[in-house]
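Overview (structure and organization)
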Amino acid sequence: MAEDVCRYDVLKNEKYGRYLVANKDLECGELIFTDTAIAVGPKPDTPPLCLGCYCPVENTLCSRCGWPVCGAECEQSPHHLLECDVFTQAKERFQSVEDWSASCPQLDCITPLRLFLAKEKDPERWAREVDAMETHTEERQKRATWRADQNNVVDYLIDRCKLGERCTRELLTRICGILEVNAVEIPSRGGFSVRAIYPRLAIAAHSCVPNIVHTILQSDYQVQIRAAVSIKSGEPLHLSYTHVLSPTIVRREHLLESKFFSCECPRCADPTELDTHMSTLKCSKCDNGVILASNPLDNEAPWNCTDKKCGFKTSSAAMRKMLAVVQAELDQLDALPLGPEAIEMREATLRKYKSVFHPCHSMLLSLKHALAQLYGRVEGYTLDELPDLVLERKIEFCRLVLKTLDVISPGESRMRGMMIYELHAPLMYLARSEFSAGLISQEKLKERLQEPLQCLSDAARILGREDPQSPEGITGTIAHQSMEQLKASIESL
Ligand SMILES: C[S@@+](CC[C@H](N)C(=O)[O-])C[C@H]1O[C@@H](n2cnc3c(N)ncnc32)[C@H](O)[C@@H]1O
């Protein structure tokens, strides 16, 4: 891409504050811009991690400042060097912890300190790119995190790290706000997820149906922003700040809690979530209707059965409570090791909630999304071992997720790339199994292998944009190789 062609404008309105708008027609997959992080570092509540590469550490400390790093190379990491001077000069060492896997508030000061040091180092970039960022100070003052920020960041850096001569409490307080409102969570080389501030990406407004996607390059944490679909000149560029597979109540609560606004996008405003039914429940009182929010933009509005004669009603509070209980169960499933139990327990949970949720409800969809990835990868459930019926089940789950993504995250996203990759294998195995059993002719087999070939080609294209070292980037490379092999195998038929 020619870097000097700017593909977006920055506009401002009442609803979003500043936001990005395409200033030319963009093609699906087109690189719109790249951005360099002004600061990268630990999220609040992270366990001790290496301040160079962000891998887990236990009792390995920097020989100069005494803060966690994994080894000599990370002591010299540019990410760590600046704060290393601050801690060394102040003789402020990391206080050893008993449990190295528990969250550690001592690290809460690191990313704000790095953002402050970035301001000192490049005040012009700060004035140009960071100064205008939103901080939602009034709303944040009412939160428990405000007190924690004052103690763990502002007081600590001014009083203990002796930064009082270089900056003010007001500036550090503002930096905490800039981070809370504008930072994005990114994967790190070391394995922990961390946070980063990308000044240009941070201007993009949120929508629960995003039209742009971002990819992090792990070597230098650069971000690439691409069009997920074709975008017309003049259309806003929308990123999703939250998890696209969550139901409306959960997404809106998360956005209000973490980004301080009530989302009113078309998906949130529609009780059926644009006919995906990701928030829809079955009615326990009748067979004719389903349960939907009477007004999804009003957190207190009741949920009603759509069959007027049934008249079943429940409160939004009861709905929130129920979703929290089920989500806690799903979180426990996510903590299971990769093994047959990971499949069997999810299938049991699907059965348990089958009569409660619409089959496309977010909770069931998340289970089906996980199962679509697990079938074929787990001991006792490898692709060779799966009976045709289970191959069909994997296909059904992949297709359901892809059909839902068509609506809530249209176009070329990482999740779509990974799901299309998952879809190719059972399609291929099923076609071959039917051919071996004499159920289809060789001509028919050739025809049936066209769909998995297309899946591999799409997955290779979409995931080829990811960092080659990331799990998605590695899958992209495998998809490309498998596509070449499948092409050759079809030609030899
Ligand atoms: C990362 S910032 C985006 C840039 C910000 N508008 C600015 O001018 O710096 C996130 C903030 O933008 C606003 N915002 C983003 N998307 C929004 C949306 N869909 N509806 C309402 N406000 C939104 C909210 O104030 C939110 O806290």
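Here goes a summary of the coordinates provided. (Residues numbered from 1 in each chain as written. Predicted model: local features only at pLDDT ≥ 70, side-chain atom pairs only at ≥ 80, totals over all residues. Heavy atoms only, no water.)

1. What to know about the overall build of the protein
In terms of regular secondary structure, the protein is built from 17 helices and 16 strands. Since a compact globule built from 493 residues should have a radius of gyration of about 23 Å, the 25 Å found for the protein is in line with a globular shape. Considered along the principal axes of its C-alpha atoms, the protein spans approximately 80 × 60 × 55 Å. For the protein, the proportion of its 493 residues judged to be buried stands at 52%. Of the roughly 23000 Å² of accessible surface on the protein, 51% is carried by carbon and sulfur atoms. Charge-centre separation for the protein: the mean point of 58 positive side chains lies 3 Å from the mean point of 70 negative side chains. (Helix = DSSP H or I, 4+ residues; strand = E, 2+ residues; numbered from the N terminus. Rg over C-alpha atoms; globule rule 2.2 N^0.38 Å. Buried < 20%, exposed > 50% of the residue type's maximum accessible area, 1.4 Å probe, protein only. Areas by Shrake-Rupley, 256 points an atom, 1.4 Å probe, with all protein chains shown as cover. Lys, Arg positive; Asp, Glu negative; His and termini not counted. Charge placed at Lys NZ, Arg CZ, Asp CG, Glu CD.)

2. Some points on the site of the ligand
The local shell around the ligand holds 16 residues, among which Y16, E134, H136, H206 and K259 are the closest. In this structure, Y16 approaches the ligand through a main-chain N or O atom, which is 2.6 Å from a nitrogen atom. Note that a nitrogen atom of the ligand is positioned 2.8 Å from one of the backbone N or O atoms of H206. Within the complex, the protein chains bury 94% of what would otherwise be the 570 Å² of accessible surface of the ligand. Breaking the shell around the ligand down by element, the ones donating at least two residues are β2 (17–22), α7 (169–182) and β7 (205–206). Here the shell around the ligand is built from residues that sort into eight nonpolar, four polar and four charged. (Near = heavy atom within 4 Å. Polar contact = N/O pair within 3.5 Å; in protein donor to acceptor, adjacent residues only side chain to side chain. Nonpolar A, V, L, I, M, F, W, Y, C, P; charged D, E, K, R; others polar.)

3. As for the pairing of strand β6 (residues 193–197)
Summarising burial for β6: four of the five residues are buried, a large majority. As paired strands, strand β4 (residues 39–41) and β6 are joined by three bridges and run antiparallel to one another. Looking at the pairing, G41 lines up with R195 of β6. Bridge count between strand β5 (residues 184–187) and β6: four bridges; the pairing is antiparallel. The residue of β6 that forms the bridge with I186 is V194. (Pairing = 2+ DSSP bridges.)

4. Concerning unusual backbone geometry
Peptide bonds are mostly trans, and most non-glycine residues show a negative phi. Here H136, not a glycine, exhibits a phi torsion of approximately 50°, which is positive. Among the secondary structure elements, H136 is positioned in the loop between α4 (123–130) and α5 (137–141). By relative accessible area, H136 is classed as buried at 19%. Positive phi, normally seen in glycine, also occurs at E273, with a value near 50°.

5. Topic: the pattern of salt bridges
The tally for this structure, following the rule as stated, stands at 31 salt bridges. Salt bridges sharing partners connect three or more residues here, namely E412, D458, R461 and R465. (Salt bridge = Lys/Arg side-chain N within 4 Å of Asp/Glu carboxyl O.)

6. Side note on the environment of P42
In this structure, P42 sits in the loop between β4 and α1 (72–75). A relative accessible area of 1% means that P42 is categorised as buried. For the pair formed by P42 and L107, sequence separation is 65 residues and the distance between their alpha carbons is 7.0 Å. With residues up to four places along the chain from it excluded, the contact list for P42 reads L49, L51, Y54, L107, I110, T111, V194 and R195. (Contact = heavy atoms within 4.5 Å.)

7. Some details on the sheet that holds β4
The strand order across the open sheet built from three strands is β4-β6-β5, with neighbouring strands paired in antiparallel fashion. Looking at the sheet topology across the chains shown, the edges are occupied by β4 and β5. Taking the axes of each pair of neighbouring strands and ignoring which way they run, one obtains an average angle of 35° across the sheet. (Axes fitted to C-alpha atoms, helices over the stretch in contact; angles between N-to-C directions.)

8. Focus: helix α16 (residues 450–463)
Compared with the 20 Å implied by 1.5 Å per residue over 14 residues, the 20 Å span of α16 between its first and last C-alpha is a close match. All of the buried residues in α16 are P452, L453, C455, L456, D458, A459, A460, I462 and L463. (Expected span 1.5 Å × (residues − 1).)

9. Quick look at the packing of aromatic side chains
Counting across every chain of the model gives nine aromatic pairs. For the ring pair Y8 and F33, a centre distance of 4.9 Å and an interplane angle of 55° mean the geometry is tilted. Highlighted residues: Y8 in strand β1 (residues 8–13) and F33 in strand β3 (residues 31–35), separated in sequence by 25 residues. The pair Y8 / F33 is uniform in exposure class, with both members buried. With a centroid separation of 5.9 Å and an interplanar angle of 65°, the aromatic rings of Y375 and Y381 are classed as edge-to-face. The class of Y375 is buried, set by a relative accessible area of 5%. In this structure an aromatic cluster arises from ring pairing among W67, F87, F94 and W100. (Phe/Tyr/Trp six-rings, centres within 6.5 Å; stacked < 30°, edge-to-face > 60°.)

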